[in-house]
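Here is how the chains run, residue by residue.
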Amino acid sequence: SAAVYGTKGVIEIPYPFWCPTEIKVTKMTGPGSQQMSEPKVFHFPLPAKVGALQCTDNKGSAIIPGFNFVHSEGLWYEAAEVNRCFLNGLLESPLFPSSQCHDILRLVS
């Protein structure tokens, strides 16, 4: 799990934080941010009907190995956006440009 604490509230992200299906946001107000609102939960369902790709073993038999990580099917959203950008000749996604990525990295480091 992960949590982000700021001057205006807290964002809690349960396991697996790399692909959560919900987040909880608690807003804080008042002197020293001591007044906390009731937490609000946002749900992000995993995409339906996304499965691991079929491949073959060393004998040529078809196998479906499954995913490497919990909620890996949630990475479909990122893969679909990469595919959309590639097909449209884009070098970056307008939904998450490199400038925004750099801003986040500056905050983290």
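The sections below set out a description of the structure shown in this document. For every chain, the first residue of the written sequence is number 1, and numbering continues from 1 onward in sequence order. For a predicted model such as this one, the threshold for reporting local features is a pLDDT of at least 70, and the threshold for listing and counting side-chain atom pairs is 80 or more; totals across whole chains, interfaces and linings nevertheless cover every residue. By convention in this description, side-chain values take in all heavy atoms of the structure and omit both hydrogens and water.

## Observations concerning the pairing of strand β1 (residues 2-6)
The pairing of β1 with strand β2 (residues 9-13) spans five bridges and is antiparallel. By the bridge assignment, tyrosine 5 is partnered in β2 with valine 10. Counted along the chain from β1 to the antiparallel partner β2, the turn is two residues long. We treat two strands as partners when DSSP finds at least two bridges between them. Put simply, DSSP H or I for four residues or longer makes a helix, DSSP E for two residues or longer makes a strand, and each gets a number counted from the N terminus.

## Observations concerning the state of the cysteines
Note on disulfides: each one is a pair of cysteine sulfur atoms within 2.5 Å. In this structure the tally under the stated criterion is zero disulfides. Here cysteine 85 is not cross-linked by a disulfide; its sulfur's nearest cysteine counterpart is in cysteine 101, at 14 Å. For each residue, the accessible area found with a 1.4 Å probe, counting protein chains only, is set against the maximum for its type, and the residue is called buried under 20%, exposed over 50%, and partly exposed in between. A residue is classified by how much of its surface remains accessible, and cysteine 101, at 29% relative accessible area, is partly exposed.

## Let's talk about the side chain of glutamate 73
Along the chain, the position of glutamate 73 falls in the loop between β7 (62-63) and α1 (76-87). This count recognises Lys and Arg as positive and Asp and Glu as negative, with His and chain-terminal groups excluded. Think of a salt bridge as a Lys or Arg side-chain nitrogen and an Asp or Glu carboxyl oxygen that are within 4 Å of each other. For the buried residue glutamate 73, which engages in no salt bridge, the nearest side chain bearing the opposite charge is lysine 49, 14 Å off. The criterion used for residue contact is that any of the two residues' heavy atoms lie within 4.5 Å. Once residues lying within four places of it in the same chain are set aside, the contact partners of glutamate 73 are Leu46, Pro47, Val50 and Phe67.

## Describing unusual backbone geometry
Put simply, tyrosine 15 and proline 16 share a cis peptide bond, and its omega is -10°. Looking at where proline 16 falls in the secondary structure, it is placed in the loop between β2 and β3 (22-29). Positive phi values are uncommon outside glycine, yet lysine 49 reaches one of about 60°.

## Quick word on the packing of aromatic side chains
Any Phe, Tyr or Trp ring, taking Trp's six-membered ring, that has another such ring centre within 6.5 Å forms a pair; planes under 30 degrees apart are called stacked, those over 60 apart edge-to-face, and the others tilted. Summed over the entire model, instances satisfying the criterion amount to four aromatic pairs. Taken together, a centroid distance of 5.9 Å and an interplanar angle of 70° make the contact between phenylalanine 17 and tryptophan 18 edge-to-face. Seen in terms of ring centroids, tryptophan 18 and phenylalanine 69 are 6.3 Å apart; in terms of plane orientation they differ by 70°. Their pairing is edge-to-face. Pair noted here: tryptophan 18 is in the loop between β2 and β3 and phenylalanine 69 is in the loop between β7 and α1, with a separation of 51 residues, a long-range link. Using a relative accessible area of 36% as the deciding quantity, one classes tryptophan 18 as partly exposed.

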